[in-house]
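# Descriptive structure summary
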Amino acid sequence: MGYHLNFALIWRHFDKLWSGLILSLELAVVSIGIGCVIGLALAVAYVSGNRLVRGLIAAYVEVIRNVPLLLLVYLVFYGLPTVVDIAYSNTTSFVVTLSAYAGAYLVEVFRSGLDAVPRGLIDAGRSIGLTPGQRLLYVRLPTMLRIALPALSNTFVSLFKDTSVASVIAVPELTYGAQWINFNTFRIMEVYLVVTGLYLVTGYAILIGLRLLERRYAIGR
Amino acid sequence: MPIGPPLLQIQNVQKSYGATQVLRGVDLRVAKGEVVTVIGPSGGGKTTLLRCVNFLESYDNGSIMIDGQEVGYRDVAARKRRSERDLARMRAETGMVFQLFNLFPHLSAAENIMLGLTKVRKLSRREARDKALHWLGRVGLTDKADRLPSELSGGQQQRVGIARAVAMEPKILLLDEITSALDPELVGEVLDVVLSLAAEGMTMLVVTHEIGFARDASHRIVFMAGGAVGADAPPREIFAADQPNERLRGFLGRFTAAHRL
Ligand SMILES: Nc1ncnc2c1ncn2[C@@H]1O[C@H](COP(=O)(O)OP(=O)(O)O)[C@@H](O)[C@H]1O
Ligand SMILES: [Mg+2]
């Protein structure tokens with residue numbers, strides 16, 4: 001083996017990775033936030049809407065889920081500005097794309113959660129005289145959130161990892177930081193090892209945090 | 001033993017699920033302050049009937065009136081349903097306790113009771129909490145006010161279920177086999193609560209498999225089988241040795257044998 005791992009150059013540029021990681025987290029948080037709003041709104045619209053509404057939402061979900069994220073990122077960043085007159089930064093473009101992507105996955109999580117709310121609870125809400133809106137707000141949504149929490153955690157971690165796709169349009173997040181160091185130091189293995197470690201630790205920390213939340217809010221049986 | 005004018009009047013109610021007719025023209029009256037129990041074989045339509053009274057299910061024909069008001073329809077003849085808002089208002093007048101408790105799992109015992117009080121009866125949180133605590137006291141659960149349903153035994157959950165229904169001050173209480181999901185040793189504590197409510201004059205329509213309870217606690221017993229009322233009489237007549245309804249005699253015979261009453 002003629003290759004000696006040398007991490008010294010990596011540490012010298014570690015600020016690039018650190019700021020990249022912070023941006024990755026920011027991208028994830030903002031996109032997940034917007035995605036949750038989209039997902040929740042569409043899930044509620046789906047379960048209370050007519051055939052047309054359901055069809056449209058299903059189409060959105062199917063399209064997004066069957067097209068690679070990478071392609072969506074290209075479409076929004078390179079494609080869209082050629083047909084409509086909009087200009088946005090790489091970062092904004094990516095947030096828009098990942099939010100729409102997250103929304104499609106989260107509709108499914110929230111919708112199946114709403115479906116899983118026991119009928120008896122809805123009946124109990126009806127029997128004390130809650131209106132449909134009150135049942136949604138005070139019975140169905142809170143129960144759904146607790147049912148959906150495990151699936152939600154997995155989706156959140158997935159979406160955090162998906163932020164690495166932003167590197168292809170030069171958003172300076174963690175993976176892009178790694179590539180920048182590669183170009184300038186050629187310590188390819190070292191960079192990717194460190195970055196892998198950073199994704200792993202961060203992803204795991206997110207998961208543990210969410211699992212704690214799950215345990216706190218789990219519906220005991 | 002009619003105690004007053006009919007508070008609940010069910011007339012010729014018919015209901016089908018697809019091709020199966022589940023209620024075949026049910027007639028039933030419950031006077032104010034009366035306790036009427038419904039017994040009968042499984043699948044006879046007892047649950048469906050209770051759910052119709054609360055309009056958790058719609059019915060295809062006939063009429064259900066509570067205190068002179070049609071339950072689910074603003075125009076019975078034309079089968080025009082009430083609006084959802086109107087239905088909610090009507091449902092608040094009937095309390096329902098379920099076989100599987102159906103407590104809201106994310107709310108404490110007190111909050112389960114408070115939800116209807118604050119959102120439907122529009123009490124302040126403070127008033128609602130006081131009232132919830134009062135009713136929890138009545139069912140012997142003052143010390144469990146802030147527990148989640150998952151932290152309570154089945155019997156305790158069902159007592160919260162009763163408190164949640166009664167706290168709304170309904171005109172009539174509907175109980176659907178409220179002890180059949182409980183371990184035998186927990187049945188008594190729940191029935192005691194029901195007995196104390198009956199003693200205070202709460203109007204009740206009770207579906208039960210506790211034949212002893214039906215015999216001792218009700219003014220009238222209704223025997224329901226095959227989606228129709230087979231007998232409707234005071235307990236003494238229902239249990240009389242010369243009971244003319246053969247199906248009822250068979251049912252009671254099997255029951256007595258099974259439970260060695
Ligand atoms: N939602 C439903 N869909 C179809 N059939 C139903 C439904 N609910 C009840 N049934 C049928 O109606 C009949 C009466 O049921 P139910 O009212 O639960 O009887 P009981 O409470 O006396 O046991 C049964 O044959 C049952 O299978
Ligand atoms: Mg039943």
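Residues numbered from 1 in each chain as written. Chains lettered and ligands numbered in written order. Predicted model: local features only at pLDDT ≥ 70, side-chain atom pairs only at ≥ 80, totals over all residues. Heavy atoms only, no water.

Looking up chain B in an unreviewed UniProt entry gives the name Amino acid ABC transporter ATP-binding protein, with the organism given as Lichenifustis flavocetrariae. What the UniProt record of chain B gives under Subcellular location (unreviewed entry) is the line "Cell membrane". Per its UniProt entry, chain B bears the Sequence similarities (unreviewed entry) comment "Belongs to the ABC transporter superfamily." (UniProt positions renumbered as here; feature names shortened; annotations may be inferred.)

As annotated in an unreviewed UniProt entry, chain A carries the name Amino acid ABC transporter permease and comes from Lichenifustis flavocetrariae. Under the heading Sequence similarities (unreviewed entry), UniProt records this for chain A: "Belongs to the binding-protein-dependent transport system permease family. HisMQ subfamily."

### A word on the overall build of chain A
Within chain A one finds nine helices and zero strands. Overall, the C-alpha framework of chain A stretches about 75 × 50 × 25 Å when taken along its three principal axes. The proportion of buried residues among the 221 residues of chain A is 44%. Within chain A, contacts between residues separated by at least 24 positions form 81% of all contacts whose residues are at least 6 apart in sequence. Taken together, the 17 basic and 11 acidic charged side chains of chain A have centroids lying 11 Å from each other. (Helix = DSSP H or I, 4+ residues; strand = E, 2+ residues; numbered from the N terminus. Buried < 20%, exposed > 50% of the residue type's maximum accessible area, 1.4 Å probe, protein only. Contact = heavy atoms within 4.5 Å. Lys, Arg positive; Asp, Glu negative; His and termini not counted. Charge placed at Lys NZ, Arg CZ, Asp CG, Glu CD.)

### Let's talk about the pattern of salt bridges
Applying the stated criterion across every chain, the model contains 20 salt bridges over all chains. For Asp123(A), the salt bridge identified is with Arg51(B), shortest N-O distance 2.9 Å. You can see Asp123(A) sitting in helix 6 (residues 119–127) and its partner Arg51(B) sitting in helix 1 (residues 46–53), one on each of two chains. In this structure, Glu190(A) and Arg187(A) form a salt bridge, with 3.0 Å as the shortest nitrogen-oxygen distance. The same class applies to Glu190(A) as to Arg187(A), namely buried. (Salt bridge = Lys/Arg side-chain N within 4 Å of Asp/Glu carboxyl O.)

### Digging into the nonpolar core
All names here are of chain B. In terms of nonpolar packing, the biggest core is built from 131 residues, with Met-204 and Leu-205 touching the most fellow members. Here Leu-205 is in contact with Leu-8, Leu-28, Val-30, Val-36, Val-38, Leu-50, Ile-172, Leu-173, Leu-174 and Leu-175, once residues within four sequence places are set aside. Counting residues in hydrophobic clusters, the runner-up holds 13 residues, among them Ile-211, Ala-231, Ile-238 and Phe-255. (Core = buried A, V, L, I, M, F, W, Y, C linked by side-chain atoms within 4.5 Å.)

### So, the site of ligand 1
All names here are of chain B. Every residue lining ligand 1 is accounted for by Tyr-17, Val-22, Pro-41, Ser-42, Gly-43, Gly-44, Gly-45, Lys-46, Thr-47 and Thr-48. Residue Lys-46 places a side-chain N or O atom 2.8 Å away from an oxygen atom belonging to ligand 1. Between ligand 1 and Thr-47, the relevant distance is 2.7 Å, taken from an oxygen atom to a side-chain nitrogen or oxygen of the residue. Top contributing element to the shell around ligand 1 by residue count: helix 1, with three residues. Per-class residue counts for the shell around ligand 1 are three nonpolar, six polar and one charged. (Near = heavy atom within 4 Å. Polar contact = N/O pair within 3.5 Å; in protein donor to acceptor, adjacent residues only side chain to side chain. Nonpolar A, V, L, I, M, F, W, Y, C, P; charged D, E, K, R; others polar.)

### Structural notes on the sheet that holds strand 1 (residues 6–17) of chain B
Sheets are built from strands paired through backbone hydrogen bonds, the pairs being either parallel or antiparallel. Residue and element names in this part refer to chain B. Pairing is antiparallel in the open sheet, where four strands are placed in the order 2-1-4-5. Both edges of this open sheet fall to strand 2 (20–31) and strand 5 (69–70), since each of them pairs with a single strand only. Judged from the five bridges that link them, strand 1 and strand 4 (residues 61–66) form a sheet pairing that is antiparallel. When the bridges of strand 4 are listed, Gln-14 appears paired with Asn-61. (Pairing = 2+ DSSP bridges.)

### With respect to the UniProt feature "transmembrane region" (unreviewed entry) in chain A
All names here are of chain A. Following the UniProt record, one finds the feature "transmembrane region" (unreviewed entry) at residues 20–47, 59–80, 86–107 and 191–213. The span residues 59–80 carries 91% helix and 0% strand; its end-to-end C-alpha distance comes to 20 Å. Regarding residues 86–107, the helix share stands at 82% and the strand share at 0%, and the terminal C-alpha atoms are separated by 27 Å.

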